[in-house]
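Per-entry structural report
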Number of protein chains: 2
Amino acid sequence: MKYKISFVGAGNVAWHLAQALETAGHHIREVFSQDIANAELLCSHLYDATAKENLDFSESDAQILFIAVADDALESILSNLIVPQFMIVAHTSGTKPISIFEDNATDCAYNYGVFYPLQTFSKQKPVDFSEIPFCIEANDTLILDILQNIAKTVSKNVLPISSKERQILHVAAVFACNFVNHLLAISKNILDVNHLDFKMLVPLIKETIHKALLESPENVQTGPAKRKDFKTIEKHLQFLSKENDTNNNSNNMHKEIYKMLTESIVKGF
Amino acid sequence: MKYKISFVGAGNVAWHLAQALETAGHHIREVFSQDIANAELLCSHLYDATAKENLDFSESDAQILFIAVADDALESILSNLIVPQFMIVAHTSGTKPISIFEDNATDCAYNYGVFYPLQTFSKQKPVDFSEIPFCIEANDTLILDILQNIAKTVSKNVLPISSKERQILHVAAVFACNFVNHLLAISKNILDVNHLDFKMLVPLIKETIHKALLESPENVQTGPAKRKDFKTIEKHLQFLSKENDTNNNSNNMHKEIYKMLTESIVKGF
């Protein structure tokens with residue numbers, strides 16, 4: 001079944017999701033954004049959507065309203081939203097619990113849910129939705145079915161996930177993505193300061209990730225910490241001490257991070 | 001120019017390097033391994049190489065001898081090695097300095113160098129050498145040229161790299177590979193314990209790495225630490241505290257690691 005869908009938000013998620021849903025045959029009716037120019041820009045990439053200047057959707061004929069805004073903005077959006085009773089409202093946040101609807105919508109009379117694509121988006125970069133896991137949650141099993149069916153029109157990977165599970169996924173993603181990226185940044189910083197090219201590490205990084213995702217990362221751990229090579233570890237710590245003294249770009253935590261992650265690997269799981 | 005080359009070692013590096021060099025037209029003459037069966041196995045994949053039972057290469061007609069053994073074994077191998085004066089000996093270690101030759105070879109009369117492919121190898125997995133950076137060092141500029149020319153027959157990415165630079169590359173690789181893999185292991189552990197599938201994070205991890213390597217990782221940092229979202233950080237720390245209490249598989253350092261890496265991201269470079 002194809003749905004009439006509107007969006008609150010015209011950022012990275014709304015940008016890709018609206019276009020993917022339209023390609024899958026749904027009708028995108030309206031787009032609201034704090035900055036109407038953003039809504040208009042997204043509408044110009046859609047077939048017949050209208051940019052909307054306010055959060056009053058009482059005259060809308062959309063059956064589904066996706067709220068794809070920054071986490072900080074979600075509460076205030078929900079407090080100010082006016083929607084007809086038949087409309088299903090779903091947010092796309094990875095962190096906000098489903099209870100945010102009851103907590104912020106005065107006399108929440110509509111059905112609601114969470115429609116969270118577990119991926120990072122940039123406007124300029126095309127997205128292949130088919131592999132992206134969609135974490136779906138709803139106030140009612142019928143609504144859960146509807147939201148899952150919509151997600152299945154763009155992805156092969158749709159799962160009912162509770163707010164608590166979504167929080168755990170988010171913590172795990174902080175380790176596997178945010179922290180991983182930061183370690184790559186530290187690695188690049190160490191090389192930059194010493195006039196060595198981070199590109200030299202790229203084949204090794206790619207192969208490391210490839211192996212970790214192919215098997216279990218725990219089973220493919222290598223390096224001085226894994227083989228308890230304390231002589232090399234000591235040399236590396238000496239180098240990082242000196243680096244701390246001379247590298248003005250560094251936040252001086254490289255050595256502490258090296259020590260802690262080494263200790264964690266040595267201890268094992 | 002094509003060379004006659006012998007190997008000490010029949011492990012992962014020797015396994016792939018010997019075959020790649022043969023494919024590039026060089027002649028692999030002998031392979032030594034502590035376990036002769038390993039040497040014989042590698043020889044069975046080569047055109048006319050002979051498995052060797054001792055480290056006396058005085059009768060060998062090879063011009064180059066690559067020592068591709070575990071770092072711990074290198075010193076003792078060099079102490080026991082007998083080679084003719086015309087032979088160039090190069091080790092393939094990422095961590096051992098070039099001075100190891102003078103330090104361990106009695107009256108080192110031969111020329112020597114380092115021939116380090118910056119990649120991780122597994123025997124079962126085919127390797128594309130063409131993109132792998134080769135870090136080359138030698139006791140003499142003529143020898144450096146020869147080793148670089150040999151590396152160029154298998155890779156487009158050959159660079160003269162000093163022992164000091166190699167050590168810095170190794171520290172940077174510990175952050176970008178060993179530690180990154182460990183964070184992926186922690187992430188998987190958190191999900192395993194909560195009966196969630198690590199596979200759900202794979203598209204996000206792949207995209208994170210893709211973005212980090214395309215641009216500068218520092219410029220694409222996202223997450224609660226980057227946006228100083230202390231409410232979410234506090235919730236995550238509470239979750240990790242509880243997890244520490246109940247997760248017997250964990251080494252109980254997840255919370256400390258979360259705190260330290262968050263602090264490092266918040267501080268910025």
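Residues numbered from 1 in each chain as written. Chains lettered and ligands numbered in written order. Predicted model: local features only at pLDDT ≥ 70, side-chain atom pairs only at ≥ 80, totals over all residues. Heavy atoms only, no water.

Re helix H2 (residues 36-44) of chain A
All names here are of chain A. Note the following rule: Between buried and exposed lies partly exposed: a residue is buried under 20% and exposed over 50% of the maximum accessible area for its type, with that area taken using a 1.4 Å probe on protein chains only. A run of DSSP states H or I qualifies as a helix once it reaches four residues; a run of E qualifies as a strand once it reaches two. Both are numbered from the N-terminal end. Think of it as the arc spanned by the lines of direction from the helix axis to the C-beta atoms. Should any heavy atoms of two residues lie within 4.5 Å, those residues are counted as being in contact.
By the burial criterion, the buried members of H2 are Ala39, Leu42 and Cys43. Taken down its axis, H2 places every buried residue within 100 degrees of arc, on the same side. Tucked into the core, H2 has its buried residues touching helix H1 (12-23), strand S2 (27-32) and strand S3 (50-52).

Brief notes about the confidence of the model for chain A
The test is simple: Looking at any residue, its pLDDT shows the predictor's confidence there, from 0 to 100.
A residue-level look at chain A finds 97% of positions with pLDDT of 70 or above and a mean pLDDT of 94. Taken together, the chains of this predicted complex give a pTM of 0.91 and an interface ipTM of 0.92.

Brief notes about the pairing of strand S1 (residues 4-8) of chain A
Residues and elements named next belong to chain A. This is how the line gets drawn: Two strands make a pair as long as DSSP finds a minimum of two bridges between them. For a crossover, the right-handed case is the one in which the path from the first strand over the helix to the second runs clockwise, viewed with the strands pointing away from the viewer.
The buried count for S1 comes to four of five residues, which makes it a mostly enclosed element. Sheet topology places S1 next to S2; four bridges connect them, and they run parallel. Bridged to lysine 4 within S2 is histidine 27. The parallel pair S1 and S2, bridged by H1, forms a crossover whose chirality is right-handed. Direction of pairing for S1 relative to strand S4 (residues 64-67): parallel, over a ladder of four bridges. Residue pairing in the sheet places valine 8 in a bridge with isoleucine 67 of S4.

A few points about the sheet that holds strand S3 (residues 50-52) of chain B
Residues and elements named next belong to chain B. Note the threshold: Only C-alpha atoms enter the line fits that serve as axes; for helices the fit covers just the stretch in contact. Angles between N-to-C directions range over 0 to 180 degrees.
Pairing in this open sheet of eight strands is mixed, and the strands run S3-S2-S1-S4-S5-S6-S7-S8 from one edge to the other. Every other strand in the sheet has two partners, leaving S3 and strand S8 (158-160) as the edge strands with one partner each. Adjacent strand axes in the sheet meet at a mean angle of 25 degrees when their direction is disregarded. Helix-sheet contacts for helix H1 (residues 12-23) involve strand S1 (4-8), strand S2 (27-32), strand S4 (64-67), strand S6 (111-117) and strand S7 (134-138), and the interaxial angle to S1 is about 170 degrees.

Describing the relation of the copies chain A and chain B
Selection criterion: In superposing the copies, a least-squares fit is computed on C-alpha atoms, taking residues whose pLDDT is at least 70 in both.
Mapping chain A onto chain B calls for a screw motion: a turn of 180 degrees about the axis and a shift of 0.0 Å along it, with 0.0 Å RMSD after fitting. Such a combination of turn and shift is consistent with a two-fold rotation axis. For chain A, the smallest separation between a C-alpha atom and the rotation axis is recorded for valine 180 of chain A, amounting to 2.7 Å. Most of the interface of chain A is mirrored in chain B: 99% of its interface residues are interface residues there too.

Some details on the interface of chain A and chain B
Using the following cut-off: Summed over both partners, the accessible area lost on bringing two parts together, with a 1.4 Å probe, is the buried area. Think of a salt bridge as a Lys or Arg side-chain nitrogen and an Asp or Glu carboxyl oxygen that are within 4 Å of each other. Here a polar contact is recorded for every N or O atom pair within 3.5 Å, except that within protein the pair must consist of a potential hydrogen donor and a potential acceptor, and residues adjacent in sequence are included only if both atoms are side-chain atoms.
Taken residue by residue, the interface counts 86 residues in chain A and 85 residues in chain B. When the two sides are added together, the surface that chain A and chain B hide from each other amounts to roughly 8,700 Å², 73% of it contributed by carbon and sulfur. Summed over the shared surface of chain A and chain B, the number is four salt bridges. Arginine 227 of chain A is the partner of aspartate 71 of chain B in a salt bridge, and the nearest nitrogen-oxygen pair spans 3.9 Å. At the boundary of chain A and chain B, one finds 24 residue pairs in polar contact (both at pLDDT 80 or more).

Section: the pairing of strand S5 (residues 88-91) of chain B
All names here are of chain B. Going residue by residue along S5, you find Ile88 and Ala90 tucked away on one face and Val89 and His91 tucked away on the opposite face as well. Here four bridges tie S4 to S5, and the two strands are oriented parallel to one another. Each bridged residue has a counterpart across the sheet, and for phenylalanine 66 the counterpart in S5 is alanine 90. A crossover connection joins S4 to the parallel S5 through helix H3 (residues 71-80); in handedness this β-α-β unit is right-handed. Bridge analysis of S5 against S6 gives four bridges, and the strand direction is parallel. Paired with alanine 90 across the strands is glycine 113, a residue of S6.

Considering the packing of helix H6 (residues 163-193) of chain A against helix H9 (residues 254-267) of chain B
Selection rule: Here roughly perpendicular refers to angles of 65 to 115 degrees, roughly parallel to angles under 35, roughly antiparallel to angles over 145, and oblique to all remaining angles. Crossings are classed by handedness, with left-handed meaning an anticlockwise turn of the near helix from the far one by less than a right angle and right-handed meaning a clockwise turn. Ten residue types, Ala, Val, Leu, Ile, Met, Phe, Trp, Tyr, Cys and Pro, are classed as nonpolar, four, Asp, Glu, Lys and Arg, as charged, and the remainder, Gly among them, as polar.
For the pair H6 of chain A and H9 of chain B, the least separation of the axes is 11 Å and the interaxial angle reads 50 degrees. One finds that H6 of chain A runs oblique with respect to H9 of chain B. Considering how the two elements wind past one another, H6 of chain A and H9 of chain B form a crossing that is left-handed. Of H9 of chain B, the residues touching H6 of chain A (which contributes Val174, Phe175, Asn178, Phe179, His182, Leu183 and Ile186 of chain A) are His254, Ile257, Tyr258, Leu261, Thr262, Ser264 and Ile265 of chain B. Taken together, the residues of the contact of H6 of chain A with H9 of chain B sort by class into nine nonpolar, five polar and no charged.

As for the nonpolar core
What counts, and what does not: Nonpolar cores are built from buried Ala, Val, Leu, Ile, Met, Phe, Trp, Tyr and Cys residues. Side-chain atoms within 4.5 Å join them into one set.
Counting residues in each nonpolar core, the largest one holds 126 residues, and the members touching the most others are Leu81 and Leu201 of chain A together with Leu81 of chain B. Residues in contact with leucine 81 of chain B, not counting those within four places in the same chain, are Val8, Leu55, Phe57, Leu65, Ile67, Val89 and Tyr110 of chain B. Among the nonpolar cores identified, the runner-up in size contains 38 residues, and Ala20, Ile136, Ile146 and Val154 of chain A belong to it.

Looking at the pattern of salt bridges
This model, assessed by the stated rule, comprises 20 salt bridges over all chains. Across the pair lysine 125 of chain A and glutamate 207 of chain B runs a salt bridge whose closest N-O atoms are separated by 2.7 Å. Separated into two different chains, lysine 125 of chain A in the loop between strand S6 (111-117) and strand S7 (134-138) and glutamate 207 of chain B in helix H7 (residues 202-214) make up a pair that spans both. Both residues of the pair, lysine 125 of chain A and glutamate 207 of chain B, belong to the buried class. As a salt-bridge pair, glutamate 263 of chain B and lysine 267 of chain B come within 3.7 Å of each other at their nearest N and O atoms.

A word on the environment of leucine 237 of chain B
All names here are of chain B. Its place among the elements puts leucine 237 in helix H8 (residues 230-246). Using a relative accessible area of 10% as the deciding quantity, one classes leucine 237 as buried. Residues leucine 237 and glycine 94 lie 143 residues apart in sequence; the distance between their C-alpha atoms is 37 Å. Filtering out sequence-adjacent residues up to four positions away, leucine 237 remains in contact with Lys255, Tyr258 and Lys259.

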